[in-house]
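Below are the chains, spelled out letter by letter.
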Amino acid sequence: ILEIAEFIIGMLGNVFIGLVNCSEGIKNQKVFSADFILTCLAISTIGQLFVILFDSFLVGLASHLYTTYRLGKPVIMLWHMTNHLTTWLATCLSIFYFFKIAHFPHSLFLWLRWRMNGMIVMLLILSLFLLIFNSLVLEIFIDISLNIIDKSNLTLYLDESKTVYDKLSILKTLLSLTSFIPFSLSLTSLLFLFLSLVRHTRNLKLSSLGSRDSSTEAHRRAMKMVMSFLFLFIVHFFSLQVANWIFFMLWNNKYIKFAMLALNAFPSCHSFILILGNSKLRQTAVRLLWHLRNY
């Protein structure tokens with residue numbers, strides 16, 4: 001029931017983002033960079049939510065099928081691909097907000113800001129190369145894991161086969177390390193946004209203009225969005241590590257379900273953070289709620 005609730009909440013938010021941005025793009029005959037990233041992020045998250053829902057039903061109702069090559073491997077690969085795309089698109093959005101809102105007189109910052117769209121495209125191309133690399137590593141990891149899960153005593157098998165355990169550890173480390181790249185980029189964007197806000201506030205005080213203006217509010221909204229993404233990403237990452245450990249070492253359905261609830265919080269909740277942080281989406285949502293209330 002909780003998994004279905006997370007699915008419905010996530011779908012409502014992401015479908016809303018996709019419909020609003022698509023309708024605005026058709027009406028204006030122009031697609032802005034932020035709207036394009038938001039729409040791609042919403043589409044990727046919708047795909048991830050469908051994979052998560054199927055994965056949850058599979059674990060909860062037919063867990064024995066999860067350890068088969070025919071069904072378990074494609075589901076894990078699809079989940080990994082959608083999760084990778086969602087994470088990187090959210091990271092690109094964080095970087096976009098940083099270059100759009102922050103102000104630094106440094107020539108390197110100005111040069112990167114002038115070529116912001118090209119840099120976002122390069123980051124997306126980098127994410128695709130990392131996706132291919134991760135998929136190859138994950139395929140080897142799944143093949144080894146599904147083979148050893150068939151053993152009657154997994155712990156004894158791993159004790160006797162140290163080489164297999166070492167291979168799994170190396171592969172798992174590689175998969176984890178690539179997750180730190182988008183996290184590091186988003187964290188860097190947050191830190192520089194904070195520095196830009198401090199510098200901007202100090203300049204306002206020196207010029208006796210007060211400490212609140214449109215630029216200050218834009219800084220704070222962007223920081224809240226990036227911080228929310230980082231918090232959800234941390235919960236998501238650690239829940240993934242716990243779920244993997246439970247799956248391959250304990251295989252306890254009850255604990256796996258709790259881990260998956262925390263794991264799925266990122267795609268379900270992130271869309272509403274994006275709606276609240278985007279003035280156009282927020283105003284459209286308020287108008288929609290007002291019409292529904294008066295209907």
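Cut-off values and rules
- Residues numbered from 1 in each chain as written.
- Predicted model: local features only at pLDDT ≥ 70, side-chain atom pairs only at ≥ 80, totals over all residues.
- Heavy atoms only, no water.
- UniProt positions renumbered as here; feature names shortened; annotations may be inferred.
- Phe/Tyr/Trp six-rings, centres within 6.5 Å; stacked < 30°, edge-to-face > 60°.
- Helix = DSSP H or I, 4+ residues; strand = E, 2+ residues; numbered from the N terminus.
- Buried < 20%, exposed > 50% of the residue type's maximum accessible area, 1.4 Å probe, protein only.
- Salt bridge = Lys/Arg side-chain N within 4 Å of Asp/Glu carboxyl O.

- Under an unreviewed UniProt entry, the name given to the protein chain is Taste receptor type 2, and the source organism is Pan troglodytes.
- On record in UniProt, under Function (unreviewed entry), the comment for the protein chain is "Receptor that may play a role in the perception of bitterness and is gustducin-linked. May play a role in sensing the chemical composition of the gastrointestinal content. The activity of this receptor may stimulate alpha gustducin, mediate PLC-beta-2 activation and lead to the gating of TRPM5."
- The record held by UniProt for the protein chain lists under Subcellular location (unreviewed entry) the comment "Membrane".

1. Describing the packing of aromatic side chains
(1) Moving on: Inspection of the entire model under this criterion finds eight aromatic pairs.
(2) Moving on: Between Phe98 and Phe192, the ring centres sit 5.9 Å apart and the planes meet at 45 degrees, which makes this aromatic pair tilted. Taken as a pair, Phe98 in helix H4 (residues 72-101) and Phe192 in helix H8 (residues 162-206) lie far apart in primary sequence, 94 residues in all.
(3) Moving on: On the basis of an interplanar angle of 20 degrees and a centroid distance of 5.6 Å, the ring pair of Phe99 and Phe109 is categorised as stacked. A residue pair is termed long-range when its members are at least 10 positions apart, and Phe99 in helix H4 and Phe109 in helix H5 (residues 107-114) qualify at ten residues. Of the two residues, Phe99 and Phe109, neither departs from the other in class, the shared state being buried.
(4) Moving on: An aromatic cluster is defined as three or more aromatic residues linked by ring pairs; in this entry it consists of Phe98, Phe99, Phe104, Phe109 and Phe192.

2. So, the pattern of salt bridges
(1) Moving on: One pass over the full model with this rule turns up two salt bridges.
(2) Moving on: Glu24 is the partner of Lys27 in a salt bridge, and the nearest nitrogen-oxygen pair spans 3.5 Å. Remark: Glu24 and Lys27 occur in helix H1 (residues 2-28); sequence separation between them is three residues, near one turn of the helix.
(3) Moving on: Residue classification places Lys27 among the exposed positions, given a relative accessible area of 60%.
(4) Moving on: One salt bridge in this structure joins Asp35 and Lys280, with 3.0 Å as the shortest N-O distance. Of this pair, Asp35 sits in helix H2 (residues 33-61) while Lys280 sits in helix H12 (residues 279-294); the two residues are 245 residues apart in sequence, bridging distant segments of the chain.
(5) Moving on: You can call Asp35 buried: its relative accessible area is 13%.

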